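Spelled out, the chains give:
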Amino acid sequence: MKQEAETVGGAPATLWDRTRQLASREILETALRLFTEQGYDETTIAQIAREAGVSQRTLFRYFGTKEDLLGGNQDRFGQVLTDTISELPAEVGVWEALRTGAAAVLALHDSREQALERFRLLHNTASLRAGWLEKQLRFQEDLLPLVEARMDAATGGVGAKARAVMKARAVIATALACLDAASMAWVDNDGRGDIMDLYDECLAAVRG
């Protein structure tokens with residue numbers, strides 16, 4: 001886990017940028033505290049804004065949806081995943097590439113403690129869980145051409161392309177399922193250990 005760097009576009013952040021970063025972080029921390037204390041579905045945007053000391057209009061300038069308040073725009077996670085994998089050298093194998101992408105996504109969390117609370121809410125709130133699984137399906141489609149390109153080329157014949165796509169889908173689904181299982185185990189273990197070590201254990205079990 002890492003703190004957000006105080007730079008914008010690679011340049012040192014201005015006072016205005018830093019003010020926005022601090023305000024954003026305070027809103028996120030307030031939202032996470034309320035979600036943890038009283039439940040995600042039971043917490044309203046109005047309550048978060050009031051306790052963070054901002055208007056609802058200001059809050060929505062920082063965060064587009066209530067889901068974003070769980071810990072950042074989840075669409076950004078998908079973008080980081082695809083960007084990380086696409087930037088890896090061609091010789092990096094598909095499993096290693098997916099693992100590197102998963103680690104990059106986990107590194108977006110501000111701290112270990114906040115990551116634990118976010119995963120706990122995600123896995124224990126039905127509405128959040130459903131939304132996250134839906135986003136994962138979109139992530140899989142975005143990853144498909146990147147993963148297919150890293151896998152062995154089909155030998156040809158009838159249906160070769162369809163089989164190649166099928167295999168790529170299976171690999172992506174397996175990697176995401178292992179990340180899901182690892183984060184669940186990490187939450188059940190109260191954040192002890194490392195999620196990526198648990199991910200490796202899950203993947204080893206699946207791959208035999």
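Everything that follows concerns the structure shown earlier in this document.
Definitions and cut-offs
- Residues numbered from 1 in each chain as written.
- Predicted model: local features only at pLDDT ≥ 70, side-chain atom pairs only at ≥ 80, totals over all residues.
- Heavy atoms only, no water.
- Core = buried A, V, L, I, M, F, W, Y, C linked by side-chain atoms within 4.5 Å.
- Buried < 20%, exposed > 50% of the residue type's maximum accessible area, 1.4 Å probe, protein only.
- Helix = DSSP H or I, 4+ residues; strand = E, 2+ residues; numbered from the N terminus.
- Contact = heavy atoms within 4.5 Å.
- Salt bridge = Lys/Arg side-chain N within 4 Å of Asp/Glu carboxyl O.
- Polar contact = N/O pair within 3.5 Å; in protein donor to acceptor, adjacent residues only side chain to side chain.
- Phe/Tyr/Trp six-rings, centres within 6.5 Å; stacked < 30°, edge-to-face > 60°.

With that out of the way, let us pick up the nonpolar core. Counting 53 residues, the largest nonpolar core has Phe35, Ile48, Leu69, Leu98, Val147 and Tyr199 as its most contacted members. Listing elements by their share of this core, those giving two or more residues are helix 1 (15–38), helix 2 (45–52), helix 4 (74–87), helix 5 (94–106), helix 6 (112–124), helix 7 (126–150), helix 8 (160–188) and helix 9 (195–207). Considering each element in turn, this core owes the most residues, eleven residues, to helix 8. Not counting the four nearest positions on each side in its chain, Leu98 is found in contact with Ile85, Leu143, Val147, Val171, Ala175 and Tyr199.

So, about the pattern of salt bridges. Tallied over the entire structure, the rule returns nine salt bridges. In this structure, Arg120 and Glu117 form a salt bridge, with 2.9 Å as the shortest nitrogen-oxygen distance. One end of the pair is Arg120 and the other is Glu117, both in helix 6 and three residues apart, which spans about a single turn. Arg120 sits in the partly exposed class, given a relative accessible area of 24%. According to the relative accessible area criterion, Glu117 is partly exposed, its value standing at 22%. One salt bridge connects Arg120 with Asp190, and the closest N-O pair in it is separated by 3.4 Å. On the criterion of sequence distance, the pair formed by Arg120 in helix 6 and Asp190 in the loop between helix 8 and helix 9 is long-range, its members being 70 residues apart. Using a relative accessible area of 46% as the deciding quantity, one classes Asp190 as partly exposed. By sharing partners, the salt bridges in this structure join Arg33, Glu37 and Glu51 into a single network.

This brings us to the side chain of Asp180. Looking at the secondary structure, you find Asp180 in helix 8. For Asp180, a relative accessible area of 11% puts it in the buried group. A distance of 2.7 Å separates a polar atom in the side chain of Asp180 from a polar atom in the side chain of Arg129. The contacts of Asp180, once residues within four sequence positions are left out, are His123, Arg129, Trp132, Leu133 and Gln136.

With that settled, the discussion passes to the side chain of Ser183. Relative to the helices and strands, Ser183 is located in helix 8. Of the residues examined, Ser183 reaches a relative accessible area of 2% and is grouped as buried. Engagement of the side chain of Ser183 in a polar contact is seen with the side chain of His123, the distance being 2.8 Å. Not counting residues up to four positions away in its chain, the partners in contact with Ser183 are Phe119, His123 and Ile195.

The tally for this structure, following the rule as stated, stands at five aromatic pairs. Seen in terms of ring centroids, Tyr62 and Phe63 are 6.5 Å apart; in terms of plane orientation they differ by 40°. Their pairing is tilted. Residue Tyr62 is classed as partly exposed on the basis of its relative accessible area of 24%. You can call Phe63 buried: its relative accessible area is 6%. A ring pair is formed by Phe119 and Trp186, whose centres lie 6.2 Å apart and whose planes are at 90°; its orientation type is edge-to-face.

Remember, this is a structural readout, not a statement about activity or role.
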